[in-house]
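# A closer look at the structure
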Amino acid sequence: KLNTGVDTVQHGVEGLMYLLTESSKLMISEIDFQDSIHVLGFSDELNKLLLQLYLDNRKEIRSILSELAPKLPSYHSLEWRLDVQLASRSLRQQIKPAVTIKLHLNQNEDQTAQVLQTDPSTLLHLIQQLEQALGEMKTNHCRRIARNMK
Amino acid sequence: QRFRFCGDLDCPDWVLAEISVLAKISSVKLKLICAQVLRELLGEAIDVRSLAAIKLNPLLSAESGDVKATIAVLDFILSSAAKHNVDGESLSSELQQLGLPKEHATGLCRSYEEKQSSLQDSLRACSLRLSQLDSVSWRVDYTLSSSELQEVSEPLVHLMFNVRDRDRGTTEAVPMAVSAGKFRVLLAELKQAQALMKTLL
């Protein structure tokens, strides 16, 4: 339909892709975009078309690009149990409580699980630290940053 | 306000919202859906046809409403009540406090009470457990001789522990060979552990 060779079309598509992804990645302004493509020596109409294409699709391209960043394993679920050790081979008559936790994580559609064990005082410390972390979100410093990011 | 069936915590907002939806469906429909939810919680297959029948039955489906949301809230109420060992009467009164009509609450709690101990057994079985011994097989050999020593003449126990991986549902075989002396020690220690376990049962 376009009356050109396959290679030319392929190069054309690749070129456009590169232009759009790089521009979206860097989030360049309209003026910078226009200046950049001016160098290519296309007609004014084509330049306008390219600019419009960039502006229309910029947001979607950026959201797709954001998914490509490497991801850390994310939380899926948590199982726990509370046990009391009463005796072992080396020592009888014990009372040793322990909390066993199985942390289920998701990483790129892979499910992994980590088993952890802790005594109640460490668990309390852990809870305190996590509550402190949550509390940080409410400080003025964090609130200011969150406001500015919107 | 704290509720026992929520583990002495506040009732989650979504549960509160769904209970007011539950109040609007007929108590007959509620009891039928409840029976299906109990079957699913106990690991029995849900009777898809009877669920579909509930949906399609003109008498019962006159009210609009998402059956999935109803199932979700019933799932929560029943399993949470079983988890915290709440008896039927307390559950009924707490649900009524949250706005469930008496007739609905009574029907629901009657079904709950019938299945309460089975529910708790099923929850106990799926509690966190790191591994599970499926079976043990053994064999006693007598070594006559080896490349190191011409006359060995010693018994040897081969043990095979079949350990189940609960996450993947596979069984791993752990073989080991134990000499007579070591095996006696192993057996003595395990017998001591067994005696200790007996004192607890």
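The name recorded for chain B in an unreviewed UniProt entry is COMD4 protein, from Chauna torquata.

Taking an unreviewed UniProt entry as the reference, chain A is identified by name as COMD2 protein belonging to Chauna torquata.

Turning our eyes to something else, we now look at the overall build of chain A. A count of helices and strands for chain A gives five helices and three strands. For chain A, the N- to C-terminal ordering of α and β elements is α-α-α-β-β-β-α-α. Counting across all 150 residues of chain A, residues that qualify as buried make up 13%.

Let us now look at unusual backbone geometry. Positive phi is not limited to glycine here, since Gln93(A) has a value of about 50°. One non-glycine residue, Asn85(B), adopts positive backbone phi at about 55°. Looking at the secondary structure, you find Asn85(B) in the loop between helix H4 (67-83) and helix H5 (88-97).

We now examine the sheet that holds strand S5 (residues 170-179) of chain B. Residue and element names in this part refer to chain B. Spatial strand order, S3-S4-S5: three strands in an open sheet with antiparallel pairing. Lying at the two open borders of the sheet, with one neighbouring strand each, are strand S3 (132-143) and S5. Geometrically, the sheet is characterised by an average inter-axis angle of 15° between neighbouring strands, direction not taken into account. Across the sheet, helix H7 (residues 180-200) touches strand S4 (154-165) and S5, and the angle it forms with S5 is around 120°.

Once that is clear, we can look at a nonpolar patch on the surface. All names here are of chain A. A surface patch of nonpolar side chains, amounting to about 390 Å² of accessible area, comprises Leu2, Val9, Val13 and Met17. Residue position: methionine 17 is located in helix H1 (residues 6-26). Its relative accessible area of 53% is what places methionine 17 among the exposed residues.

Our next topic: the nonpolar core. In terms of nonpolar packing, the biggest core is built from 32 residues, with Phe5(B), Leu74(B), Leu78(B), Leu91(B), Leu95(B) and Leu108(B) touching the most fellow members. Sorting the residues of this core by element identifies helix H1 (13-22), helix H2 (27-41), H4, H5 and helix H6 (102-125) of chain B as the ones contributing at least two each. Not counting residues up to four positions away in its chain, the partners in contact with Leu91(B) are Phe5(B), Ile77(B), Ala81(B), Val86(B), Cys109(B) and Tyr112(B). Listed in part, the eight residues of the second largest apolar core include Ile28(A), Phe33(A), Leu50(A) and Ile61(A).

All names here are of chain A. With respect to the helices and strands, serine 23 occurs in helix H1. Look at serine 23 and you get buried, because its relative accessible area is 5%. Each residue touching serine 23, except ones within four places of it in the same chain, is listed here: Ile28, Phe33 and Tyr54.

What counts, and at which threshold
Residues numbered from 1 in each chain as written. Chains lettered and ligands numbered in written order. Predicted model: local features only at pLDDT ≥ 70, side-chain atom pairs only at ≥ 80, totals over all residues. Heavy atoms only, no water. Helix = DSSP H or I, 4+ residues; strand = E, 2+ residues; numbered from the N terminus. Buried < 20%, exposed > 50% of the residue type's maximum accessible area, 1.4 Å probe, protein only. Pairing = 2+ DSSP bridges. Axes fitted to C-alpha atoms, helices over the stretch in contact; angles between N-to-C directions. Contact = heavy atoms within 4.5 Å. Patch = residues over 30% accessible without salt bridge, like charges linked within 9 Å, V, L, I, M, F, W, Y side chains within 5 Å. Areas by Shrake-Rupley, 256 points an atom, 1.4 Å probe, with all protein chains shown as cover. Salt bridge = Lys/Arg side-chain N within 4 Å of Asp/Glu carboxyl O. Core = buried A, V, L, I, M, F, W, Y, C linked by side-chain atoms within 4.5 Å.

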